[in-house]
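Notes for the structure review
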Amino acid sequence: GAPAGLTMARTLGLMRAAAKRLKPEDGPPDPGAILSMTNDDLSADNETQTFVTVVLGVLDGSTGEGRIAVAGHDLPVVLGGGAPRLLGPICRQPAIGVIEGINYCSDSFTLAPGETLFCYSDGVSEAEDNKGGFFGQPRLMATLAAAGTDPQVVVETVLRAVNAFADGAPQADDITALAVRHAG
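Residues numbered from 1 in each chain as written. Predicted model: local features only at pLDDT ≥ 70, side-chain atom pairs only at ≥ 80, totals over all residues. Heavy atoms only, no water.

Moving on, we come to the packing of helix H1 (residues 2-22) against helix H2 (residues 31-43). Here H1 crosses H2 at 130°, and the two axes come no closer than 9 Å. As far as their axial angle goes, H2 and H1 are oblique. You can see that H1 and H2 cross each other, and the crossing is right-handed. On H2, the residues that touch Arg10, Thr11, Leu14, Met15, Ala18, Ala19, Arg21 and Leu22 of H1 are Ala33, Ile34, Leu35, Met37, Thr38, Asp41 and Leu42. Counted by class, the contact of H1 with H2 contains ten nonpolar, two polar and three charged residues. (Axes fitted to C-alpha atoms, helices over the stretch in contact; angles between N-to-C directions. Helix = DSSP H or I, 4+ residues; strand = E, 2+ residues; numbered from the N terminus. Parallel < 35°, antiparallel > 145°, perpendicular 65-115°, else oblique. Left-handed = near helix turned anticlockwise from the far one by under 90°. Contact = heavy atoms within 4.5 Å. Nonpolar A, V, L, I, M, F, W, Y, C, P; charged D, E, K, R; others polar.)

Next up, the structure:
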């Protein structure tokens, strides 16, 4: 609803401001440092106890090397070169906005040429059907195994599978998906 939308808009603004403040002269700012600064701003005077789960990363499109920070969010999935696998090992941290003073870290990762990184909100894995069942991570991984590595096809395949599973059940949470492929 509206409060969640306002929190998300505020969070994005704070993240953009933090990224600009923290940008070194050479290269992108560290995702963990961005989350630390954003978290402190969101946590201050947070009487409504709102929080945000986040996956924030930077990826060098020419090398496939990147850094990623995960805060209270499902781990991204790597597609290509075999069965889908969770990106890792990754430091999992609390959602942002919960408590001030958390020093968020980021982890390095590398996508091989042709590999795709798939990120999604918990609205995907926690989508419900009319019987109260959840889409779940096993069903998501099976869907991803059949989706290939083309980012548009991956996202469309997952969204179709979630929609078919829900079979008209009301959507309880946001459903967001993003896929990025290292072309090499």
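Moving on, we get to the sheet that holds strand S3 (residues 77-79). If you walk across this open sheet you meet the four strands as S4-S3-S7-S8, and the pairing is antiparallel. Of all the strands in the sheet, the pair left with one neighbour each is strand S4 (85-86) and strand S8 (177-181). In this sheet, S4 lies alongside S3 in antiparallel orientation, the contact comprising two bridges. Its bridge partner lying in S4, Val78 is registered against Arg85. Contacts from helix H4 (residues 136-145) reach S3, S4 and strand S7 (116-120) within the one sheet, and its direction differs from that of S7 by about 145°. In the packing of helix H5 (residues 151-166) onto the sheet, the strands contacted are S3, S7 and S8, and the crossing angle to S8 comes to about 155°. (Pairing = 2+ DSSP bridges.)

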